[in-house]
Amino acid sequence: MWWWALPAALLVGAAVWGVSAWLLQDLGTLPVPEQVSARIEAVRTSLAAGAGVGAAMTLLLAVRRQRHQELATAHTTHDAAERRVTELYTKAAEQLGNAQAPVRLAGLYALERLAQDTPVLRQTIVDVICSYLRMPYTPPDGTDPAGPAVPRATVAGVSAPATGHDPQEERQVRLTAQRILTAHLHYDDSSAPRRRWPSRHPDRNPRHWPDIQLDLTGAVLIDFDLRTCRMGTAEFGGAAFSGTARFDGAAFSGTAWFDGATFSRDARFEGATFSGDAMFRVATFSGTAVFDGATFTRYAVFSVATFSRAAWFDGATFSRDARFDRATFSRDARFAKATFSGDARFDEASGLETAELTGVRIAPVAAYVRRVWPPCWRVEVTAEGWQTLRVVAAGDGGGQAADGEAGPAG
């Protein structure tokens, strides 16, 4: 702080000299005895002014020193917090690789707490949990959905720790990881009036993590439940859904990738909202596929998908292209009250001879839009003037619609 000394001394000297010159400028008109007394008072006042300036400079130095100490303390606290977060994160990540299931569970809960307290790490921690779920895993055999109980040896009446990853214990760890994702992606707008956009209403779930991306490509997911959850881009390409997969009321603000996914039981997407592309190419639905009331804002692609049981799209809204080319429908196919607003491609789709098409609405589009319906479907005009679809018997004149067929009559 030595470089402050010279300016401070100059400022004090200038204050003393200025005050003295101002007080002594008119002393020549006074008697000599009074001039002596006035000069003494002028010197005192000038010194007091210099002392005041010096005190002000000292105060400024003290303020600056205090500010410097506060910044140093803040940096020290920040560095300590960063070190603590890094240590907790590293320790929790290491616990996920432990052979003991309780240790892995502790690691998951530690990561969850860390993400709740540190918003900047939430996406990173979600990526770690998703990476864990993407690890190779073979579900245990058995018909019981909860999995059969596997007794372990005991030592002095206490269960001995398992060696390696026991399938039953690993199942519980994975279910816990899935529940953590569900708990923090769930968006609670239960107080919102019906028939309103949910985004206009505040989230009542204090644990909700907004704008989270999921990457569960190739993961094995057990009874996966993301009902009423909100997420950004979600990648489930090649994922194996063991048990029922629940996405009722889920909202995908980014692209939802389900290409090559396998659903061993029911897949429920009732009321789901796909703001980005919905990609279900080559997906296999072994159970009932329910998309009733789903909203596809952009592309809905089910090309080469296989529906082994019922496929329900009642009330679904396809705002852009709907692709079902080469899809296979083995059982009940329902499109009642569905709305097609863009391209609709059912090229070489099979199993639609008994599809339910009551109330289907085909919105008007430009002439370049291509719609290809199965040969067993016919486009007709309803009493309200809108085009709709109905199933026709073989040889009843049905056929594929031409390009640009859509819109109200007249």
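Because the structure is a prediction, the values reported are computed rather than measured. As a convention, each chain's residues are numbered from 1 in the sequence order in which they are written. This being a predicted model, a pLDDT of at least 70 is required before a residue's local features are given, and a value of 80 or more before pairs of side-chain atoms are given or counted; all residues contribute to the totals for chains, interfaces and linings. Neither water nor hydrogens contribute to the side-chain values; these are computed over all heavy atoms in the structure.

Describing an aromatic ring pair means giving the distance of the ring centres and the angle of the ring planes. Planes of paired rings set the category: under 30 degrees apart is stacked, over 60 is edge-to-face and the rest tilted, where pairs are Phe, Tyr or Trp rings (Trp by its six-membered ring) whose centres lie within 6.5 Å. In the structure shown here, the tally under the stated rule is 56 aromatic pairs. Aromatic pair Phe280 and Phe302: ring centres 4.8 Å apart, planes at 5°, arrangement stacked. Taken together, the residues Phe280 in the loop between β14 (278-279) and β15 (284-285) and Phe302 in the loop between β18 (300-301) and β19 (306-307) connect sequence positions 22 residues apart. Neither residue differs from the other here; Phe280 and Phe302 are each classed as buried. By definition, any uninterrupted DSSP run of H or I lasting at least four residues is a helix, any uninterrupted run of E lasting at least two residues is a strand, and each is numbered from the N terminus. Burial classes follow relative accessibility: with a 1.4 Å probe on protein chains only, a residue under 20% of its type's maximum area counts as buried, one over 50% as exposed, and anything between as partly exposed.

Salt-bridge detection follows one rule: a side-chain nitrogen of Lys or Arg within 4 Å of a carboxyl oxygen of Asp or Glu. Under the definition given, this model contains 15 salt bridges. Here Arg174 and Glu170 are joined by a salt bridge, their closest N and O atoms 3.1 Å apart. With a gap of 4 residues between them, Arg174 and Glu170 both fall in helix α5 (residues 167-185), about one helical turn apart. Like Arg174, the residue Glu170 is buried in the burial classification. Measuring nitrogen to oxygen at the nearest pair gives 2.8 Å for the salt bridge that ties Asp314 to Arg334. Remark: Arg334 occurs in strand β24 (residues 333-334) and Asp314 occurs in the loop between β20 (311-312) and β21 (317-318); sequence separation between them is 20 residues. On the basis of relative accessible area, Asp314 is assigned to the buried category, the value being 17%. Taken together, the shared-partner salt bridges connect Arg246, Asp248, Arg268 and Glu270 into one network.

Let's shift gears to helix α3 (residues 101-117). A helix is expected to span 1.5 Å for every residue after the first. Taking 1.5 Å of rise per residue, the 17 residues of α3 would be expected to cover 24 Å, and the 25 Å separating its terminal C-alpha atoms lies within 8% of that figure. Those residues of α3 that sit buried are Ala101, Arg104, Gly107, Leu108, Leu111, Glu112, Leu114 and Ala115. Taken end-on, α3 shows its buried residues confined to a sector of 165°, consistent with a single buried face. Across α3 from its buried face, at more than 90 degrees, point the exposed residues Pro102, Arg113 and Asp117. When we speak of the arc, we mean the arc of directions from the helix axis to the C-beta atoms.

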